[in-house]
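# Architecture and fold: a report
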Amino acid sequence: MNQNELKKKVAWYVLKYIPFNTIIGIGTGSTVSYFIDALSTIKHLVKGVVSSSYSSTLKLKNLGFSIYDLNSVNNILVYVDGADEINHQLQMIKGGGAALTGEKIISSVAHKFICIVDKSKYVKHLGGFPLPVEVIPIACNYVMNRLKKFGGICKCRNNVITENGNIIIDIHNLKIYDPVKLENLINLIDGVVTVGLFANRKADLLLIGTENGVKKICC
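An account of the accompanying structure is given in this report. This is a predicted model, so every value here is computed, not measured. (Residues numbered from 1 in each chain as written. Predicted model: local features only at pLDDT ≥ 70, side-chain atom pairs only at ≥ 80, totals over all residues. Heavy atoms only, no water.)

What follows covers the packing of helix α1 (residues 3-13) against helix α2 (residues 30-39). Their axes nearest at 8 Å, the elements α1 and α2 cross at an angle of 50°. In this view, α1 runs oblique relative to α2, as classed from their interaxial angle. By crossing handedness, the relation of α1 to α2 is classed as right-handed. Where α1 approaches α2, its residues Asn4, Lys7, Lys8, Val10, Ala11 and Trp12 are matched on the opposing element by Ser30, Thr31, Tyr34, Phe35 and Ala38. In terms of residue class, the contact of α1 with α2 is made up of 6 nonpolar, 3 polar and 2 charged. (Axes fitted to C-alpha atoms, helices over the stretch in contact; angles between N-to-C directions. Helix = DSSP H or I, 4+ residues; strand = E, 2+ residues; numbered from the N terminus. Parallel < 35°, antiparallel > 145°, perpendicular 65-115°, else oblique. Left-handed = near helix turned anticlockwise from the far one by under 90°. Contact = heavy atoms within 4.5 Å. Nonpolar A, V, L, I, M, F, W, Y, C, P; charged D, E, K, R; others polar.)

Pairing is antiparallel in the open sheet, where 3 strands are placed in the order β4-β5-β11. Edge positions in the sheet fall to β4 (85-86) and β11 (197-198), since each of these pairs with one other strand and no more. Two elements, strand β5 (residues 92-93) and β11, share 2 bridges in a ladder whose sense is antiparallel. Bridging across to β11, Met92 finds its partner in Phe198. (Pairing = 2+ DSSP bridges.)

On to the layout of surface pockets. Volume-wise, the largest pocket comes out at about 310 Å³. Along its surface, the largest pocket is lined by 18 residues, and Ser51, Ser52, Ser53, Gly102 and Glu163 are the ones closest to its centre. Those elements giving two or more residues to the lining of the largest pocket turn out to be β2 (48-51), α3 (54-62) and α4 (100-109). Split by residue class, the lining of the largest pocket holds 8 nonpolar, 8 polar and 2 charged. (1 Å grid on protein atoms, 1.4 Å probe; cavity = no way out; pocket = protein on both sides within 12 Å on 5 of 7 lines; lining within 4 Å. Points joined across faces, edges and corners; volume = space filled by probe spheres on them.)

Below is the structure:
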């Protein structure tokens with residue numbers, strides 16, 4: 001069973017956790033794209049969605065979902081998103097698709113964050129995947145110099161502008177031993193919009209697609 005088949009398996013499995021007649025928070029990425037396909041089969045049971053990115057919003061609109069602005073929503077029971085990496089404490093690296101700020105905001109609003117991944121994303125320690133940091137353009141050099149102090153190799157992601165008009169700096173080869181501390185320290189740097197560490201707001205439930213079915217892990 002290849003990686004895409006594992007993504008599809010977990011994307012369909014998560015439907016059993018979707019509450020009816022509510023607004024669902026939806027993230028970004030290839031596994032989420034499969035989830036949107038699956039959710040479209042029961043869209044008549046869903047009041048609407050709040051989306052973290054333009055790409056997800058476009059697909060949702062094309063499938064006939066009602067799209068809500070987060071500012072008009074008082075309550076999101078469930079947010080479903082993937083991860084670039086997730087550890088055994090359900091802390092994540094996200095932002096490979098440059099939608100980390102929207103993802104972090106919506107996940108913070110939601111009562112329950114369900115992370116869906118294939119087995120390759122489940123790791124013992126974070127840092128194998130480059131850590132994205134969204135940065136206001138004028139602060140690029142300053143922030144990069146500050147980030148270098150944490151170790152790893154900092155690279156500005158070429159030809160990428162976020163939906164907020166910012167840039168992404170990726171930190172490669174970074175060994176992350178204390179995700180909460182590192183998230184807090186990076187977020188304190190002037191010019192940083194947010195960092196793709198989801199350690200303070202980690203997942204509440206992790207669903208992992210494997211050849212032997214879907215593995216469930218709660219925090």
